[in-house]
Amino acid sequence: MSVLTQYKNHRLHWIGFGIIAIIFLLVLPNVLSIFQLNILGKFLTFAIVAVGLDLIWGYTGMLSLGQGLFFGLGAYCFGMYLNLEAAGNKLPDFMSLYGVFELPALWEPFRSPVIAIALAILFPAFIAFLVGFMLFRSRIQGVYFAIVTQALTAIVALLLVGQQKLINGTNGLTEMKTIFGMPLAEDSTKVMLYLATVIVLGGVYLSGRWLVHSRFGRLLIAVREDEERLRFAGYNPVFIKTLIFTISAGVAGLAGALFIPQVGIISPAQLDIQSSIEIVIWVAVGGRGTLIGAVFGAILVNFGKSTISSEYPDIWQFIMGALFIGVVMYFPKGLVGTIQGWLKPNTSDLVDKPSVSSATFSNKTESALGN
Amino acid sequence: MENFLLLVFNGLSIGSILLLVAIGLAFSFGLMKVINMAHGEFILIGAYTTYIFQEFLAPAVLGDDGAKSGIFFLLSIVAAFFVTGFLGYLLERFVIRLLYGRPLDTLLATWGVGLMIQQIIRSYDARNVPVTAPSWLSGALKVSNGLYLPYKRLFIIVLVIVCLVAVYLYLNRTSYGRRTRAVMQNREIASSLGVHTRRIDGLTFALGAGLAGIAGAALTLLGQIGPQLGTGYIVDSFMVVVLGGVGSIPGTILAALSIGTASSFLEFYSTATLGKVFVFGLIILFLQLRPQGMIAVRGRS
């Protein structure tokens, strides 16, 4: 790929990034109402998860139907801190409802905000590490991996629903009033949370971009394209896949921690199968393997969802189903992918941008499982 | 002792239901390596077919208590098979065939189809509805003083055995069955020997869907049905197929019975939720030691 094109890409990219940053940081807070800003903040936390998924799906070819799980776990971790902060020196409300009179040991670490945030990132990452390592070691990939992550999500959601006394089961954690002393209901807090989300999203996006343009990024693409060949070339795909899976889970957990103060509730419903698969559609619509596509997809689809489902709730499920089918069958590159396809000259650089046709053509499922 | 036998029977019952649900999946998965996320919705359609038969057709033809006679119930099982089989064929023809070679995308596209089917049913009636069961299925078989085996569950076990026998006969005694086995073992060679692989794909997928329909019809005996019926069974049936080994019917049977028995015992000794968690943990552990599943079909890729 010519140095000139690379240079051009760089400049265009940074100009675009700068413009978007200015819009989100300076323009929108002054143009949108607080209510709208709050919703946008929520969408941006979704965008963060989507970037994480793009890293493992778009670039590494692993479809994880469990990102919602990691997102939810992160939200629960920080939510427990918020609950404790709201309760002050007493117990969270729901505990007295169920006859619990002493704070369970599980909750103790969450008194500290630092630990709560750290756990919001590290706990999902740890689970991803464990599960991922076990699965990748047994060469469970492709569809099987997707199914197992889905089963994991279902199981954990079930587990959380059952724990009434510990974390309020289906009702979820709702009692939140302040964050670091600032009342959640106050406008200024909401704006600050929004700005924090924008900054974190920017950071995650830039880190992701740095990652995929590095040598490690090349390894990710190599895993997606032909894992066997990579193994024969001397690399250990298990290490690569476990690492990126862990990172994406941590990212999702971080997004969850940002989500909960803006929305005020986390329940097992937010980390079940349905929500996890929605994350996939965001990335698919936006354009997998492009990072920025994940961000746009998340914002766009959620915007569509909130507009349409408020008017016609029934139709939204239908549209989403159609979206799944349509994007996968007729629109696999997604929005950003298709636009990039238009902008690229015909003698396209096969090396830099991952071509989507190989991203979707994955017959690596044959490998270990009895074939 | 009675308790133990009851647990075993429950395990058999759970396992038989899982098997019925999973065997259709094993067909499409084993043949085409296609994950059909709409499988749960096929179950749903089967269940609602029985619902229509029992709640609308039977009273219309036989009067108010017509549903209790069971004639329409048995008819509905057959109808469910053909209705879902046909829908399965349509799905294969218009969606899955176009996504050949892209299993992850097929997963997503079929999930979309499942969503739409679920929404159609939900728009019609979002509640959970009970389905009248035949009167001769109520009650239980008294084996001994402490052991009562419900007739409904016995019926389902018998139904599953009948289906298994039918599948066995189809695969091993009919020419289309032979062709199906050929395509399952080696698609290219089968094709070069004159087997119409596209037609076999459509047929096998329809067969799998039809079995899901039968499962749905059977599920009406066990409780109320609602739009969410399918999602509850999807995860479990996938686990059965993965555990059993892809493309292996005996593996699926073994896996379903193992999971059923394990669930039954673990649920009894802990809670239902923890039971499921343990079963999942056991499956993951098993896959660590033997990732190709219980009885793996060794094909040549």
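Definitions and cut-offs
Residues numbered from 1 in each chain as written. Chains lettered and ligands numbered in written order. Predicted model: local features only at pLDDT ≥ 70, side-chain atom pairs only at ≥ 80, totals over all residues. Helix = DSSP H or I, 4+ residues; strand = E, 2+ residues; numbered from the N terminus. Rg over C-alpha atoms; globule rule 2.2 N^0.38 Å. Buried ≥ 20, exposed ≤ 12 C-beta atoms within 10 Å, placed from the backbone. Contact = placed C-beta atoms within 7 Å. pLDDT = per-residue confidence, 0-100. Nonpolar A, V, L, I, M, F, W, Y, C, P; charged D, E, K, R; others polar. Axes fitted to C-alpha atoms, helices over the stretch in contact; angles between N-to-C directions. Parallel < 35°, antiparallel > 145°, perpendicular 65-115°, else oblique. Left-handed = near helix turned anticlockwise from the far one by under 90°. Expected span 1.5 Å × (residues − 1). Core = buried A, V, L, I, M, F, W, Y, C linked by C-beta atoms within 7 Å.

Side note on the overall build of chain A
Next, step 1: If you tally the helices and strands in chain A, you get 16 helices and two strands.
Next, step 2: Scaling as 2.2 N^0.38, a compact globule of 371 residues should have a C-alpha radius of gyration of about 21 Å, and chain A matches this with 21 Å.
Next, step 3: The principal-axis extent of the C-alpha atoms belonging to chain A is close to 65 × 55 × 40 Å.
Next, step 4: Here chain A holds 371 residues, and the buried ones make up 46% of them.
Next, step 5: Taking contacts inside chain A between residues at least 6 apart in sequence as the whole, the part at least 24 apart equals 81%.

Brief notes about the overall build of chain B
Next, step 1: For chain B, the helix and strand inventory stands at 12 helices and two strands.
Next, step 2: In chain B, the succession of α and β elements from N to C terminus is α-α-α-α-α-β-β-α-α-α-α-α-α-α.
Next, step 3: For 301 residues, the compact-globule estimate of 2.2 N^0.38 gives 19 Å, and the C-alpha radius of gyration of chain B, at 19 Å, lies within 12% of that figure.
Next, step 4: Taken along its principal axes, the extent of the C-alpha atoms in chain B is 60 × 45 × 35 Å.
Next, step 5: Taken across its 301 residues, chain B has 51% of its residues classed as buried.
Next, step 6: Restricting the contact set of chain B to residue pairs at least 6 apart, pairs at least 24 apart contribute 76%.

Overview of the confidence of the model for chain B
Next, step 1: Residue-level pLDDT values for chain B average 86, and 98% of them are 70 or greater.
Next, step 2: For this predicted complex, the interface confidence comes out at an ipTM of 0.84, alongside a pTM of 0.86.

Let's talk about the interface of chain B and chain A
Next, step 1: Counting residues at the interface gives 43 residues for chain B, matched by 42 residues for chain A.
Next, step 2: Within the residue set of the side of chain B that touches chain A, elements represented by two or more residues are α5 (103-124), α10 (229-244) and α12 (272-289) of chain B.
Next, step 3: By residue number, the principal contributor to the side of chain B that touches chain A is α5 of chain B, which donates 13 residues.
Next, step 4: Per-class residue counts for the side of chain B that touches chain A are 25 nonpolar, 13 polar and five charged.

What about the packing of helix α6 (residues 142-162) of chain A against α12 of chain B?
Next, step 1: Interhelical geometry of α6 of chain A versus α12 of chain B gives an angle of 155 degrees and a closest axis separation of 9 Å. When the axes of α6 of chain A and α12 of chain B are compared, the pair comes out roughly antiparallel. Crossing hand, α6 of chain A versus α12 of chain B: left-handed. Contacts between α6 of chain A and α12 of chain B involve Ala151, Ile155, Leu158, Leu159 and Gly162 of chain A from the first element and Thr273, Lys276, Val277 and Phe280 of chain B from the second.
Next, step 2: Residue composition of the contact of α6 of chain A with α12 of chain B, by class: six nonpolar, two polar and one charged.

Some words on α10 of chain B
All names here are of chain B.
Next, step 1: Compared with the 22 Å implied by 1.5 Å per residue over 16 residues, the 23 Å span of α10 between its first and last C-alpha is a close match.
Next, step 2: Among the 16 residues that make up α10, 14 are buried, leaving the element largely enclosed by the rest of the structure.
Next, step 3: Just downstream of α10 lies Gly245, where phi reads positive at about 105 degrees.

A look at the environment of Tyr100 of chain B
Next, step 1: Looking at the element boundaries, Tyr100 of chain B is found in the loop between α4 (71-96) and α5.
Next, step 2: With 77 residues separating them along the chain, Tyr100 of chain B and Ile23 of chain B place their C-alpha atoms 22 Å apart.

Observations concerning helix α12 (residues 273-286) of chain A
All names here are of chain A.
Next, step 1: Its 14 residues give α12 an end-to-end C-alpha distance of 21 Å, which sits within 8% of 20 Å, the value for a rise of 1.5 Å per residue.
Next, step 2: The element α12 is largely enclosed, with a buried count of 11 among its 14 residues.
Next, step 3: Three or more residues of α12 are buried, namely Ile273, Ser276, Ile277, Ile279, Val280, Ile281, Trp282, Val283, Ala284, Val285 and Gly286.
Next, step 4: Directly after α12, the chain includes Gly287, whose backbone phi takes a positive value near 125 degrees.

Quick word on the nonpolar core
Next, step 1: With 195 residues, the main nonpolar core has Ala47, Ala50, Val51 and Phe324 of chain A together with Leu20 of chain B as its most contacted residues.
Next, step 2: Within the second largest apolar cluster, five residues are counted, among which are Phe53, Ala58, Ala67 and Phe72 of chain B.

Focus on unusual backbone geometry
Residue and element names in this part refer to chain A.
Next, step 1: Residues other than glycine seldom take positive phi values, yet Arg139 does so here, at roughly 55 degrees.
Next, step 2: Looking at the element boundaries, Arg139 is found in the loop between α5 (113-137) and α6.
Next, step 3: Unusually for a residue other than glycine, Leu291 sits at a positive phi of about 60 degrees.
Next, step 4: Mapped onto the elements of the fold, Leu291 is located in the loop between α12 and α13 (292-311).
Next, step 5: Residue Leu291 is classed as buried on the basis of its 24 C-beta neighbours within 10 Å.

Things to note about the packing of α6 of chain A against α5 of chain B
Next, step 1: The interhelical angle for the contact between α6 of chain A and α5 of chain B, taken along N-to-C directions, is 40 degrees, at an axis separation of 8 Å. The angle between α6 of chain A and α5 of chain B falls in the class oblique. Along its contact with α6 of chain A, which presents Gly142, Val143 and Ala146 of chain A, the element α5 of chain B presents Pro103, Leu104 and Leu107 of chain B.
Next, step 2: Looking at the contact of α6 of chain A with α5 of chain B residue by residue, the class counts come to five nonpolar, one polar and no charged.

Topic: the environment of Met182 of chain A
Next, step 1: Tracing the sequence through the fold places Met182 of chain A in strand β2 (residues 182-183).
Next, step 2: Taking the C-alpha atoms as reference, Met182 of chain A lies 24 Å from Gly202 of chain A; in sequence the two are 20 residues apart.

What about the confidence of the model for chain A?
Caution applies to low-pLDDT parts of the model: their predicted coordinates are not meant to be read in detail.
Next, step 1: Confidence in the prediction of chain A, expressed as mean pLDDT, is 84, and 90% of residues score 70 or more.
Next, step 2: Counted against residues more than four places away or in other chains, residues 357-371 of chain A, with its pLDDT under 50, gives 48 contacts.

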